[in-house]
Amino acid sequence: MENKLISGTQLSKILLENLKEKINNITNNRLPKIVIVQVGDNLASNKYIKHKLKSCEKIGMLSEHLKLDQNITQEELLEEIHKLNNDNKVDGVIVQLPLPNHIDTQVINETIDVNKDADGFSPSTLGKVMLNTSKIFPATPFGILKLLEWKNVELMGANVVIIGRSNIVGKPLANMLINKSATVTICNTKTKDLANVAKKADILICAAGVAKLITKDFVNKDMTVIDVGANFVDGKYCGDVDFDQVIDQVKLITPVPGGVGPMTIACLLENVYNLYLEKNK
Ligand code: GUN
């Protein structure tokens, strides 16, 4: 089983070590800094933010957690973002999602300075991702591409099926794969005959947010499976793939936890470092 696993834990450690070394070598300048803005007290967000801050500490990146009241108005939140946009010592700003319903996520993503857009969620960054001219990539798709390249999974000409069409995973990932000359099919949970569409793929990427959606009916023996799911079921963390059922039926697979999750954090911090470099060129 071990040689079928694509370990995000392992690759993220390598990436974070590389970043740590680069940051260690900064001697004549201030260090890169990320500010993580949180509105309210979402439990999952608390956990993700804790991991992000811990990773920053490990690699010597400066970080600040700006935790704002659940009832902050959109105008007040925009004011906070403007302050961070104008702060020369801040390289990356992320606003942890989900936001409370009274705040328009799209307006927030459009307000973060594109030169500080560490999540890569702004329309401007996403447009550049589509055009293949961006240096910043949404962290989860960025991490998935790195995992595939690390394992020498051929992308050129590959049939890739993505289940999930979100703005932060499915859509940017499809564009990034198209730019690598893959043939991409974007599905969702309503796609007709989903299992049969998936089954024909060389690479199946599932970001549907439905626990154990992917059974043995969705896979084939030569397939690489990337599980983006992060579902909590009966107090246990599990992916969108029924791992125990498909492990013997596929070529390569990411585990949950220890697959895409740690890569997202490493890639986010790589984005911050790259934004810092751009600013200090
Ligand atoms: N919520 C879940 N994933 C993410 C992410 O990658 N960035 C932000 N800002 N919020 C999230």
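Note that the structure is predicted; figures quoted are calculated from it, not measured.

(A) Region of interest: the pairing of strand β1 (residues 33–39). Burial within β1 is extensive, with 7 of its 7 residues counted as buried. Of the pairings in the sheet, the one linking β1 to strand β2 (residues 62–68) comprises 7 bridges and is parallel in character. Across the sheet, the residue bridging to Q38 is K67, located in β2. Sheet analysis places β1 next to strand β3 (residues 92–95), joined by 4 bridges and oriented parallel. For I36, the partnering residue across the bridge sits in β3 and is I94.

(B) Broad picture of the packing of helix α2 (residues 43–59) against helix α10 (residues 260–279). At their nearest, the axes of α2 and α10 sit 10 Å apart, and the two run at 55° to each other. Compared by their axis directions, α2 and α10 come out oblique. The handedness of the crossing between α2 and α10 is right-handed. When α2 is examined against α10, the residues H51, K52, S55, C56 and I59 are found in contact with a partner set consisting of I265, L268 and L269. Its residues assigned to classes, the contact of α2 with α10 shows 5 nonpolar, 2 polar and 1 charged.

(C) Region of the structure containing the pattern of salt bridges. Scanning the entire structure with this criterion turns up 9 salt bridges. Of the charged contacts, one joins D91 and R30 as a salt bridge, the two residues approaching to 2.8 Å between their closest N and O atoms. Of the two residues, D91 is situated in the loop between α3 (74–85) and β3 and R30 in the loop between α1 (8–24) and β1; the sequence distance between them amounts to 61 residues. D91 gets classed as buried once you look at its relative accessible area, which sits at 0%. One network of salt bridges, with partners in common, ties together R30, D91 and K279.

(D) Region of the structure containing the side chain of T224. Along the polypeptide, T224 turns up in strand β7 (residues 224–227). Here T224 is in contact with I6, L148, V153, D202, I203, L204 and L252, once residues within four sequence places are set aside.

(E) Representation of the packing of aromatic side chains. If you walk through the whole model with that rule in mind, you get 3 aromatic pairs. Both rings, one in F137 and one in F142, keep their centres 5.1 Å apart while their planes meet at 50°; by these two values the pair is tilted. Residues F232 and Y237 carry aromatic rings whose centres are separated by 5.9 Å and whose planes lie at 45° to one another, so their mutual orientation is tilted. The partly exposed category is assigned to Y237, whose relative accessible area is 27%.

(F) Representation of the pairing of strand β6 (residues 203–206) within the structure. Along β6, one buried face is formed by I203 and I205 and the opposite face, lined by L204 and C206, is buried too. Direction of pairing for β6 relative to β7: parallel, over a ladder of 4 bridges. Bridging across to β7, C206 finds its partner in D227.

(G) Representation of the nonpolar core in the model. Ranked by size, the top nonpolar core spans 51 residues in total, and within it M61, L177 and I205 carry the most contacts. Among the elements of the structure, α1, β1, α2, α6 (139–150), β4 (159–163), α7 (170–178), β6 and α10 are those that each provide at least two residues to this core. Here the element with the most residues in this core is α10; it accounts for 10 residues. With residues near it in sequence (within four places) discarded, L177 still touches L145, L155, V160, I162, A182, V184 and I205. The next biggest cluster of nonpolar side chains, apart from the first, holds 21 residues, and it includes L194, A198, V219 and V250.

(H) Quick peek at the sheet that holds strand β5 (residues 183–187). Across the sheet, 5 strands lie side by side as β5-β4-β6-β7-β10; this open sheet has parallel pairing. At either margin of the open sheet sits one strand with a lone partner, and together these are β5 and β10 (252–253). The sheet contacts of α7 involve β4, β5 and β6, and relative to β4 the element is tilted by about 170°.

The rules behind each value
Residues numbered from 1 in each chain as written. Predicted model: local features only at pLDDT ≥ 70, side-chain atom pairs only at ≥ 80, totals over all residues. Heavy atoms only, no water. Buried < 20%, exposed > 50% of the residue type's maximum accessible area, 1.4 Å probe, protein only. Helix = DSSP H or I, 4+ residues; strand = E, 2+ residues; numbered from the N terminus. Pairing = 2+ DSSP bridges. Axes fitted to C-alpha atoms, helices over the stretch in contact; angles between N-to-C directions. Parallel < 35°, antiparallel > 145°, perpendicular 65-115°, else oblique. Left-handed = near helix turned anticlockwise from the far one by under 90°. Contact = heavy atoms within 4.5 Å. Nonpolar A, V, L, I, M, F, W, Y, C, P; charged D, E, K, R; others polar. Salt bridge = Lys/Arg side-chain N within 4 Å of Asp/Glu carboxyl O. Phe/Tyr/Trp six-rings, centres within 6.5 Å; stacked < 30°, edge-to-face > 60°. Core = buried A, V, L, I, M, F, W, Y, C linked by side-chain atoms within 4.5 Å.

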